[in-house]
Amino acid sequence: AQSVAQPEDQVNVAEGNPLTVKCTYSVSGNPYLFWYVQYPNRGLQFLLKYITGDNLVKGSYGFEAEFNKSQTSFHLKKPSALVSDSALYFCAVRALPPGGKLIFGQGTELSVKP
Amino acid sequence: EAGVTQFPSHSVIEKGQTVTLRCDPISGHDNLYWYRRVMGKEIKFLLHFVKESKQDESGMPNNRFLAERTGGTYSTLKVQPAELEDSGVYFCASSQWDDRALYNSPLHFGNGTRLTVT
């Protein structure tokens, strides 16, 4: 069965410091991986995806993610965190056909302090 | 373009009552998904429509939940009768249908309906 794990419930970072939000996955075959962000009282917003190609994927708001096949990881990163990055982050993997539903991790609360 | 809209945004009902949630997907999106997040847990898949047909309803927890998608446009999710464990945030998402891009295309989510069953 396909699954995603986000080992940290919360990540605290000082503004201006680099941030990493961790994600590991378990899939059969090639993974299709996504990151979404949820701001308070809002829906999930797509940040970036890995389908194939370069292991470093660039997305919205200056975020990027590194796909590591040997470690089955897809960690979200940003070189310099902003207070406005504080939100709930979800990693997801696309399930095998049919349907292509997303399977989500439990989410990581990112808090960036001034 | 208008995004995915859901209403109500919040609903508080008593155990045993009925609640109907509505989702309007982005116009032209054939795929419509329902998800649920219980406090602090992962976002769990409930079901997937392609137009008006149920493609995958493997995530529906039990027969108290009924989802419909009239004419392949908006969708409703009815919970009858509601139980305490049904509390959570219900998300709807939509995406275009494209055989080539099915696994590439991100889902567009609504803001969710927060359901509280007391």
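Use the structure listed above.
Bear in mind the structure is a predicted one, so any value in this text is a computation, not a measurement.

Caption draft 1: Region of the structure containing the overall build of chain B. Helix and strand content of chain B: zero helices and eleven strands. Counting from the amino terminus, chain B carries its helices and strands in the arrangement β-β-β-β-β-β-β-β-β-β-β. Compactness check: chain B gives a C-alpha radius of gyration of 14 Å against a globular reference of 13 Å for 118 residues, within 12% of the reference. Reported as C-alpha extents along the three principal axes, the dimensions of chain B are approximately 45 × 25 × 25 Å. Counting every position in chain B, which comprises 118 residues, the buried fraction comes to 47%. The long-range fraction of contacts in chain B, counting pairs at least 24 apart against all pairs at least 6 apart in sequence, stands at 53%.

Caption draft 2: Expanded view of the sheet that holds strand β7 (residues 65–68) of chain B. All names here are of chain B. Strand order in the open sheet formed by four strands is β1-β3-β8-β7, and the pairing between neighbours is antiparallel. Lying at the two open borders of the sheet, with one neighbouring strand each, are β1 (5–7) and β7. Ignoring which end each strand starts from, the neighbouring axes of this sheet average 15° apart. Relative to strand β3 (residues 19–24), β1 is paired through three bridges, and the arrangement is antiparallel. The partner of F7 across the bridge, within β3, is R22.

Conventions adopted
- Residues numbered from 1 in each chain as written.
- Chains lettered and ligands numbered in written order.
- Predicted model: local features only at pLDDT ≥ 70, side-chain atom pairs only at ≥ 80, totals over all residues.
- Heavy atoms only, no water.
- Helix = DSSP H or I, 4+ residues; strand = E, 2+ residues; numbered from the N terminus.
- Rg over C-alpha atoms; globule rule 2.2 N^0.38 Å.
- Buried < 20%, exposed > 50% of the residue type's maximum accessible area, 1.4 Å probe, protein only.
- Contact = heavy atoms within 4.5 Å.
- Pairing = 2+ DSSP bridges.
- Axes fitted to C-alpha atoms, helices over the stretch in contact; angles between N-to-C directions.

Purely geometric numbers; function is a separate question.
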